[in-house]
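Tertiary structure, described
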Amino acid sequence: MTSNAPASPTADRARPASGGPQEVADRVTWIGALDPGLRNFDVILKTANGTTYNSYVVRGSAGVAVIDTVKQAFTADFLAKLEAVARYDEITTLVLNHLEPDHTGAVPEFLRRAPHVHIYVSPRGVQVLRALLKDEFDRYQVTVVETGDTVSLGDRTLRFLTTPYVHWPDTQCTYLQEQNLLFTCDLLGCHYCDDRLFNDKVGDFRFSFEYYFDHIMRPFKRYVAQALDLIEPLEIDMIAPGHGPVLRAHPQEYIRHYRRLITKRLASETGAQKTLLIFYVSAYGATAQMAGAVYEGAAESGDVCVSLFDLQDGDVTPLIDLIEEADGLAFGTPTINGDAVRTVWDLLSSLVDIETKGKLGAAFGSYGWTGEAVGMVEARMQGLKMRVPEPGLRIKMHPSAPELEECRDFGRRLAAHLAGRPMEREIDMSALLAR
Ligand code: FEO
């Protein structure tokens, strides 16, 4: 057999990859790949015991479907397992629930062997499939499917659920109706490699399930909620994800756990009141003075629940949960060597794991000479799709009494934006020119 795969998969470490096809349900077979040597995924995720790239074969009375494939390096392994359970000429259907390369690396080689198959992808998936197959795209039969569309394999039926952004915009799930089996690709998966394959066999993998949720799904909570809205009404006896164990024991519990993970935890404590978190770092106390005054101004009306945090100690991890549920964030930073201080960048870079789109953002800070930090922080917040309705507030050296009042006014304005009644802004040109 030939393959355009790289020479070898991820180097094996303590445990070699092993195993052949495994039946997961009547006429449903796992033909995925084990990657126990992987130590990070997509550059940023730690994978302490590797991962799996799960692919499945579903055999009906009038057709055979392949659900997803594997990373390119595992093409030979995947095709060997596939050939052990099906002939190419009886495979009618290829379902691609997600087009990221860890699930489509073997697609080009598979299609060369089974060019007659009908490919089913989501509306956004077809764009990526075209990019994947390049000039070969037009050779194949491709159908775009949406929620409710079905494909018959005779006595087995695949029904599609459009579930975008559980991980990429193209993601979808596929439901094997007659067996209450849901193929979810990234959703409800985890990076955990164990050839015993089933959740009731592999031991405790909760840490991996939650770590994966935090880093893959958490930024897309809104979309996870939409996906769960489609999934929860289904009868589900088994969940077959694209990574990690097949969830055959208590599959509904994993769905309920996702629902818990995406539900706001502080909502009952703050009620409908908007929340504003003010973070600051101060070198000589000037930015701290500004932060205190911004806090006073924002808290004045009582409309908004305001909290103030000094980032001096440097550990930003405990703050991520707070930020995720806050409505507004203000960052105070001095300018040091033409930049914002590192702790502020650490916190801002941690926000990639949560949804920040639409949150109110603001920046302020003291400076001595150039004062670039405030603008840099504003640009970062805009990059995170936050709304930054007030121009950042910069004060040269320590704030005077009038400048502290300016800080309070800045806080009042932020609170007013959060409360939905933005104040008109009076621009004092003489003050601007004096800086
Ligand atoms: Fe497993 Fe988003 O790829």
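Remember, predicted model here, so these are calculated numbers, not experimental data.

Scoring rules and cut-offs
- Residues take numbers from 1 onward in each chain, read along the sequence in its written order.
- In view of the model being predicted, local features appear only for residues whose pLDDT reaches at least 70, and side-chain atom pairs are presented and counted only at 80 or more, with totals across whole chains, interfaces and linings using the full set of residues.
- With hydrogens and water excluded, all non-hydrogen atoms of the structure serve as input to the side-chain values.
- Each Phe, Tyr or Trp ring, with Trp reduced to its six-membered ring, pairs with another whose centre is within 6.5 Å; inter-plane angles below 30 degrees give stacked pairs, above 60 give edge-to-face pairs, and intermediate values give tilted ones.
- Each helix is a run of DSSP H or I of at least 4 residues and each strand a run of E of at least 2, with the numbering of both proceeding from the N terminus.
- Relative accessibility under 20% of the residue-type maximum defines a buried residue, over 50% an exposed one, and the middle range a partly exposed one, all with a 1.4 Å probe and only protein chains included.
- Under the convention used throughout, the expected extent of a helix is 1.5 Å for every residue step, that is, one less than its residue count.
- This arc corresponds to the set of directions leading from the helix axis out to the C-beta atoms.
- Paired strands, as defined in this entry, are two strands with at least two bridges between them according to DSSP.
- Fitted lines through C-alpha atoms serve as axes, helices being fitted only where they are in contact, and the angles separating the N-to-C directions of these axes extend from 0 to 180 degrees.
- It only takes one pair of heavy atoms within 4.5 Å for two residues to be counted as in contact.
- Per the annotation, domain bounds derive from an automatic or database assignment of domains.
- Throughout, the accessible surface (probe 1.4 Å) given up by two parts as they are put together, summed over both, is called the buried area.
- Within this document, salt bridges are pairs made up of a side-chain nitrogen of Lys or Arg and a carboxyl oxygen of Asp or Glu, the two lying within 4 Å of each other.
- For this analysis, a polar contact is any N or O atom pair within 3.5 Å, provided that within protein one partner can donate a hydrogen and the other can accept it, and provided that sequence-adjacent residues contribute only side-chain to side-chain pairs.
- Under this grouping Gly is polar, as are all residues other than the nonpolar Ala, Val, Leu, Ile, Met, Phe, Trp, Tyr, Cys and Pro and the charged Asp, Glu, Lys and Arg.

**Some words on the packing of aromatic side chains**
Scanning the model with the defined rule gives 17 aromatic pairs in all. Centroid distance Y88 to F110: 6.4 Å. Interplanar angle 50°. Geometry classified as tilted. A residue pair is termed long-range when its members are at least 10 positions apart, and Y88 in the loop between helix 1 (75-85) and strand 9 (91-95) and F110 in helix 3 (residues 107-113) qualify at 22 residues. Here the two residues Y88 and F110 agree in accessibility, since each one is buried. Between F213 and Y258, the aromatic rings sit 5.0 Å apart at their centres with planes inclined by 75°, giving edge-to-face as the arrangement. Of the two residues, F213 sits in helix 5 (residues 206-217) while Y258 sits in helix 7 (residues 251-262), which places them 45 residues apart along the sequence. Residue F213 shares its accessibility class with Y258, and that shared class is buried. Aromatic ring contacts, followed pair by pair, group Y192, F205, F207, F209, F213, Y254 and Y258 into a single cluster.

**Some remarks on helix 9 (residues 286-299)**
For helix 9, which comprises 14 residues, the first-to-last C-alpha distance of 20 Å matches the rise-based estimate of 20 Å (1.5 Å per residue) to within 8%. All buried positions along helix 9 are accounted for by A286, T287, M290, A291, A293, V294, G297 and A298. Down the axis, helix 9 shows its buried residues gathered within 170° of arc, on one side only.

**Some remarks on the sheet that holds strand 21 (residues 393-396)**
Picture the strands of a sheet paired through backbone hydrogen bonds; they go either parallel or antiparallel. Strand order in this open sheet of five strands is 18-17-19-20-21, and the pairing throughout is parallel. Both edges of this open sheet fall to strand 18 (304-310) and strand 21, since each of them pairs with a single strand only. When the angles between neighbouring strand axes are averaged without regard to direction, this sheet yields 15°. Taken strand by strand, helix 9 contacts strand 17 (274-280), strand 18, strand 19 (328-332), strand 20 (360-367) and strand 21, and its axis lies near 145° from that of strand 20.

**Considerations on the domain arrangement of the protein chain**
Annotation of the protein chain at the domain level lists domain 1 (22-262) and domain 2 (271-419). Relative to domain 2, the C-alpha centre of domain 1 lies at a distance of 42 Å. Contacts between the two partners involve six residues from domain 1, matched on the other side by eight residues from domain 2. Contact between domain 1 and domain 2 buries roughly 650 Å² in total, counting both sides, with carbon and sulfur atoms accounting for 29%. Linking domain 1 to domain 2 there are four salt bridges. A salt bridge links R218 to D321; its shortest N-O distance comes to 2.5 Å. Inspection of the region where domain 1 meets domain 2 yields five residue pairs in polar contact (both at pLDDT 80 or more). Of all elements in the fold, only helix 5 and helix 6 (221-231) reach the threshold of two or more residues within the side of domain 1 that touches domain 2. Grouping the constituent residues of the side of domain 1 that touches domain 2 by class yields one nonpolar, one polar and four charged.

**A short note on the sheet that holds strand 2 (residues 28-30)**
On the basis of which strands lie adjacent, the open sheet formed by seven strands has the order 1-2-7-8-9-10-11 and mixed pairing. If you trace the sheet from one side to the other, it starts and ends with strand 1 (22-25) and strand 11 (141-144), each paired once. This sheet shows a mean twist of 25° between the axes of neighbouring strands, independent of strand direction. Docked against the sheet, helix 1 engages strand 2, strand 7 (56-60), strand 8 (63-67) and strand 9, running at close to 20° with respect to strand 7. Along the sheet, helix 4 (residues 125-133) makes contact with strand 10 (118-121) and strand 11, crossing strand 10 at roughly 130°.

**Comments concerning the environment of Y192**
Along the polypeptide, Y192 turns up in the loop between strand 15 (181-185) and helix 5. Y192 sits ten residues away from V202 along the chain, and the two C-alpha atoms are 9.2 Å apart. From its side chain, Y192 meets the backbone oxygen of V202 in a polar contact 3.4 Å long.

**What about the pattern of salt bridges?**
Scanning the model with the defined rule gives 30 salt bridges in all. The shortest N-O distance in the salt bridge between E90 and R87 comes to 3.8 Å. Between R113 and E109 there is a salt bridge; the shortest N-O distance is 3.0 Å. Remark: E109 and R113 occur in helix 3; sequence separation between them is four residues, near one turn of the helix. On the accessibility criterion, R113 (23% relative accessible area) is partly exposed. Connected via shared salt-bridge partners are E296, E300, E405, R408, D409, R412 and R413.

**Describing the pairing of strand 7**
Of all the five residues making up strand 7, four are buried; the element is thus mostly covered by neighbouring parts of the structure. The pairing of strand 2 with strand 7 spans three bridges and is classified as antiparallel. Looking at strand 7, one finds that W30 is bridged to Y56. Across five bridges, the pairing between strand 7 and strand 8 is antiparallel. Each residue of the ladder has a partner; that of V58, found in strand 8, is A65. Following strand 7, the chain reverses through two residues before pairing antiparallel with strand 8.

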